[in-house]
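# Fold and geometry: a report
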Amino acid sequence: MTAANSPIPTSHHTCPACGLLCDDLPLDGHGSISASFSCAKSQRYFSQAATAQNQLASVDGQACDLNTALAAAAKILQNSQQTLIAGLGTDVQGMRAILPLAEKCQATLDHMHSESSLRNTLAMQNSGWQTTTLSEVKNRADLILAIGTDIVSSHPRFFEKLVWNKDSLFNKGTPHVVYLAVDEADTQAGVAPDGTSPTVLAADKKALPAILNTLNALCNPAYAKSNKAASVAGLSMAALKALLEKIQAANYAVVVWSASELAYPHAELTVQSITQLIAKLNEQTRVAGLSLNSGDGDISVNQTSTWLSGFPSRNRFQHDQVSYDTQHFSTALQLKSCDALLWVSTFNPKPPPDFAGPSIVIGHPNTLFERPPAVFIPVGVPAMHDSGTLFRMDGSIALPLKKLQASSLPRLVEVINQLADLMP
Amino acid sequence: MITQLKHARVFDPAHKKNGVVEDIYISQGRIVAKPADASKISTSLDLSGKVVMAGAIDMHSHIGGGKTNIARMLLPEFQASKHYSEPEAHICTPGCSHFATPTSTETGFRYIEMGYTAAFEPALMPVNARQAHLEMADTPMIDKGAYAMLGNDDYFLRMLASQQDQKAINDYVAWILHSTQSIGIKVVNPGGINAFKFNQRRLDLDENNRHYQVSPRQILQSLSRAVHELGVSKPLHVHCNNLGAAGNFQTTLDTMRASDGLPMHLTHIQFHSYGKEGDKQFSSAAAEIAEALNKNKHITADVGQILFGQTVTASGDSMMQHLNARHANPKKAVLMDIECDAGCGVLPFKYRDQNYVNALQWAIGLELFLSVEDPWRIFLTTDHPNGAPFTSYPHLIRLLMDKSFRNEAFAKLNLDAQAMSNLLSLDREYSLYEIAIMTRAGAAGLIGLNDRGHLGIGAAADITVYTDQADREAMFSKPDFVFKNGELVVKDGKVVKVVWGATHTSKPAFDVSVEKDLSDYFNKYQTMQLANFKINPDEIADDGRGSIVVHSGKHLS
């Protein structure tokens, strides 16, 4: 009996569409989600996967069998002096396969979202941080401070599952929500089920460095007393002081930010200001941070890469050693000097960036190209045609991805392993 | 196909063999009796004069899981510097810095190169079990296993607060062992990690968790009884309250008393043997702790020796790590509250021999080793990487076996610390036989690995062969040969064949109806389904590399 023609129990099926990794989807065996389901992102993920278009590999746009495509890909890699493996839209098992291939090719590795995730990594590597996980938020958080993010654009069920939940272990009241540097128009998700409005401290996101520096300074009583400025970035000092008091009065405040929303130079310093504020407030009360991830396996790739190579994303195998360079190993810079690109994107049909040299794309069957890559190998979509393991946004929980449907698409792990076998 | 190891000088304490010269025969991964038909011997290795022991077992080493990987991620500078210390890292001297955050691959290689054939992750957080097993699955060469952390999880504390009976607790504990594929149970700062989430900053043995109104003592007694009644071989693994705090030896003594005669293992006891005498209000209480250990035969301990140099401390004890964060060097700390299950605190640490506290910590560890009389009840650990990386074991072994070497190192310490230690008056030198007890037979017996840690007929052929050298550090750094399940995998201290070890577990019987309430709990309060919390054995046997060994527990009368 195949899954294709009979609904299978899917009540524990993990959804990889965002970092929440919900495993309570109303999903049938065909990969369709009941229309009334609250998460459009999840619906889009599974419907996109269910209508997998390209079943066949291609070389220079001409359909071919897998072996032909693999041979062409291997030839490109063999001729390459400097290979970039990028995208890395994959899970733990995918990364386990990619790293040995990267070692064989002496390649540079970069994840498609590392420009964002590095803002967190760099802040953490510089001074550490104090964070929490989703079940702690669900049961303890009585104040949510969202900095520069509406949260729900990237993580749609955040409030439904973790903030407006009726059951919690410690009978906390309905949490209060504060948005900082978020447009009023984007704060609807923060309206409590009883109609209570969130507090909105609207400001330009680019002013966050100044606002956060002020909040940090206000934690120093001497500064708070001597400060004469009336406002910063349009926010009154009184409002910022009131925010700090609110956090200090909370039993367990959770500060949420999204590195991808802090799209300006040296935003890692903004993340660091947030984490420093959290550390300072923890001297007296309990406050914890929660960073929203970007997806496409970003957390899983960093985790797996770290235990296997010693470093998270933006690392390189060279002279049989691994090095780490968060600046020079970026996809944007490497595309200027590498002579072959291997692009992996299994969760979403994300095409590779423009590149003058030969590109090998191993990814989602619905990937569309402006011009065909040298080699395209469509592979099974995780949690639809392929199983695996994915880390949640909070980094502590890894959940199994299960195969939902039989498919003629090969598995990413098999394709990578076969490619590695073809390399000398 | 039988391999013969001829004229081996065997140190096998499980069979009371102290340097007996004999032949060992290996067939199909096991040690077998001398074959009647000598023609079946396909390979023969003359080990005349060589010291032969079972493969060593590290019963407490943070080799896999969330906080280990956070430590790696937090410290890219460690990774970058390791090339300078390789391969010299195997031969360590006082003050040299080791590589504290090896990758999973390096972990397996460095262990087997030192003759270790198994290591146990002592702090597997149940919600993080999948990650821990993924990392351990990527650790080649050695066997592994884990102790699951309980006692700060809200599910257990709710049970205790609502005075559920011991049977219900036992069922939950057994369910955790099954679901997380673990071999033992650990408790870290009993109740303290949880209390920290309610903004409590310290928790003494008889102080209540603010929310649950239960004390660490109750937690310890309930969990140690559960482990005992379930027949799990490994006694409850206890990281006491008040880790690292001056004066904490009293808590440690009280914890021993709280055991009520049930087996209990106190881990990294060095970090829990501090007095507060002297000008600096920090002193050694090793004598008091050793005396209590000598008296209480049902208590075991591992030391958690510190050695000087750069390392990183990775602990589940978020409460005490938050307090210790001010000592972090370099100055950074990752602290987490995790999933109503536990927490973690990861901070880099640099132990310096000219620092009073660090120097005394070093001395306290050695005082404990030398003052605890029974080598079957004290184990050689550095709480890797918290006291020092496991690669410094050969150095530690030399400190234990070589009094003049030890005393020379002592003479280089901070002078105030020297004045506060009785180390020079301790003349004991460990023998090879005692080292074999601590690192082989004793460890296997404690964990319940019946076919490991000894060289008897039927044992797994995990065997380490050393050249007897006066310099014990050199000797234990680089075995001549290591056999894993009968295969020659290390020659002259270098890996010659890559193999993948098994994962050791314990699975006592329990009432499956325990899942009814757990399922409700997961649906209401957790953010994943119960079915996804559980680790399927297939996940470990993934790729055909891993395998699970289930050990039967001890039989209760």
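The rules behind the values
Residues numbered from 1 in each chain as written. Chains lettered and ligands numbered in written order. Predicted model: local features only at pLDDT ≥ 70, side-chain atom pairs only at ≥ 80, totals over all residues. Helix = DSSP H or I, 4+ residues; strand = E, 2+ residues; numbered from the N terminus. Buried ≥ 20, exposed ≤ 12 C-beta atoms within 10 Å, placed from the backbone. Rg over C-alpha atoms; globule rule 2.2 N^0.38 Å. Contact = placed C-beta atoms within 7 Å. Pairing = 2+ DSSP bridges. Axes fitted to C-alpha atoms, helices over the stretch in contact; angles between N-to-C directions. Nonpolar A, V, L, I, M, F, W, Y, C, P; charged D, E, K, R; others polar. Domains from an automatic or database assignment. Core = buried A, V, L, I, M, F, W, Y, C linked by C-beta atoms within 7 Å. pLDDT = per-residue confidence, 0-100. Expected span 1.5 Å × (residues − 1). Parallel < 35°, antiparallel > 145°, perpendicular 65-115°, else oblique. Left-handed = near helix turned anticlockwise from the far one by under 90°.

## A closer look at the overall build of chain A
What chain A contains, in helices and strands, is 13 helices and 19 strands. Dimensions along the principal axes, computed over C-alpha positions, put chain A at roughly 70 × 50 × 35 Å. Considering chain A as a whole, with its 424 residues, one finds that 58% of them fall into the buried category.

## Overview of the overall build of chain B
The helix and strand inventory of chain B stands at 20 helices and 24 strands. Taking 557 residues into account, the globule formula puts the C-alpha radius of gyration at 24 Å, and chain B, at 22 Å, falls close to it. Counting only C-alpha atoms and orienting by the principal axes, one finds that chain B spans roughly 70 × 60 × 50 Å. For chain B, the share of sequence-separated contacts (at least 6 apart) that also reach a separation of at least 24 residues comes to 77%.

## Overview of the sheet that holds strand β2 (residues 62-64) of chain A
All names here are of chain A. With mixed pairing, the 9 strands of this open sheet are ordered in space as β2-β1-β17-β16-β15-β3-β4-β13-β14. This sheet does not close on itself; its edge strands, each paired only once, are β2 and β14 (321-324). For this sheet the average axis-to-axis angle between neighbouring strands, irrespective of direction, equals 20°. Pairing analysis gives 4 bridges linking strand β3 (residues 83-89) to strand β4 (residues 108-111), with the strands arranged parallel. When the sheet's bridge partners are listed, L84 is paired in β4 with T108.

## A look at the interface of chain A and chain B
Across the contact, 45 residues belong to chain A and 40 residues belong to chain B. Within the residue set of the side of chain A that touches chain B, elements represented by two or more residues are α4 (114-127), β5 (128-131), α5 (134-140), α11 (298-309), β14 and β19 (398-401) of chain A. Broken down by element, the residue count for the side of chain A that touches chain B peaks at 6 residues, all from α5(A). Split by residue class, the side of chain A that touches chain B holds 16 nonpolar, 21 polar and 8 charged. Alignment of β5(A) against strand β16 (residues 333-338) of chain B, held across 4 bridges, turns out to be parallel. Looking at the pairing, T131(A) lines up with M336(B) of β16(B).

## Topic: the pairing of strand β17 (residues 342-351) of chain B
All names here are of chain B. Among the 10 residues that make up β17, 9 are buried, leaving the element largely enclosed by the rest of the structure. Here strand β15 (residues 309-315) pairs with β17 via 7 bridges, running antiparallel. Its bridge partner lying in β17, A314 is registered against V346. Strand direction decides the pairing type here: β16 and β17, joined by 5 bridges, are antiparallel. Each bridged residue has a counterpart across the sheet, and for V334 the counterpart in β17 is V346.

## Quick notes on the domain arrangement of chain B
Residue and element names in this part refer to chain B. With domains assigned, chain B is organised as domain 1 (2-54 + 456-495) and domain 2 (56-447). The straight-line distance from the C-alpha centre of domain 1 to that of domain 2 is 31 Å. Across the contact, 23 residues belong to domain 1 and 23 residues belong to domain 2. The set of elements that each furnish at least two residues to the side of domain 1 that touches domain 2 consists of β5 (50-54), α17 (472-477), β20 (481-484), β21 (487-491) and β22 (494-495). At 5 residues, α17 tops the list of elements feeding residues into the side of domain 1 that touches domain 2. Taken together, the residues of the side of domain 1 that touches domain 2 break down into 13 nonpolar, 4 polar and 6 charged.

## Remarks on the nonpolar core
The biggest cluster of nonpolar side chains holds 301 residues, and the ones touching the most others in it are L145(A), V256(A) and V173(B). By residue number, the principal contributor to this core is helix α12 (residues 356-371) of chain B, which donates 10 residues. In this view, V173(B) contacts L150(B), I185(B), L223(B), A226(B), V227(B) and L230(B); residues no more than four positions away in its chain are not counted.

## Considering the domain arrangement of chain A
All names here are of chain A. For chain A, the domain assignment lists domain 1 (55-113 + 296-422) and domain 2 (118-292). The C-alpha-based centres of domain 1 and domain 2 are spaced at 35 Å. At the interface, 8 residues of domain 1 touch 8 residues of domain 2.

## A closer look at the confidence of the model for chain A
On average, residues of chain A score 94 in pLDDT, and 98% of them reach the 70 mark or higher. Note that pLDDT drops below 50 for residues 1-9 of chain A; the model gives that stretch 13 contacts with residues more than four away or on any other chain.

## Describing the pairing of strand β4 (residues 41-46) of chain B
Residue and element names in this part refer to chain B. Of all 6 residues making up β4, only 0 are buried, and the element is barely covered by its neighbours. Of the strand pairs in this sheet, strand β1 (residues 2-12) and β4 are connected by 5 bridges, and their pairing is parallel. Opposite T3, over in β4, you have T43 as the bridge partner.

## Details of helix α10 (residues 268-281) of chain A
All names here are of chain A. Between its first and last C-alpha atoms α10 spans 20 Å; for 14 residues at 1.5 Å apiece the expected length is 20 Å, and the two agree. With 12 of 14 residues buried, α10 is to be regarded as a mostly interior element. Within α10, the full set of buried residues consists of E268, T270, V271, Q272, S273, I274, T275, Q276, L277, I278, A279 and L281.

## Things to note about the packing of α4(A) against α10(A)
All names here are of chain A. In contact at an axis separation of 8 Å, α4 and α10 are set at 55° when each is read in the N-to-C sense. It follows that α4 is oblique to α10 by the angle criterion. Here the hand of the crossing between α4 and α10 comes out right-handed. Residues L118, R119, N120, L122, A123, N126 and S127 of α4 pack against E268, V271, Q272, T275 and Q276 of α10. Taken together, the residues of the contact of α4 with α10 sort by class into 4 nonpolar, 6 polar and 2 charged.

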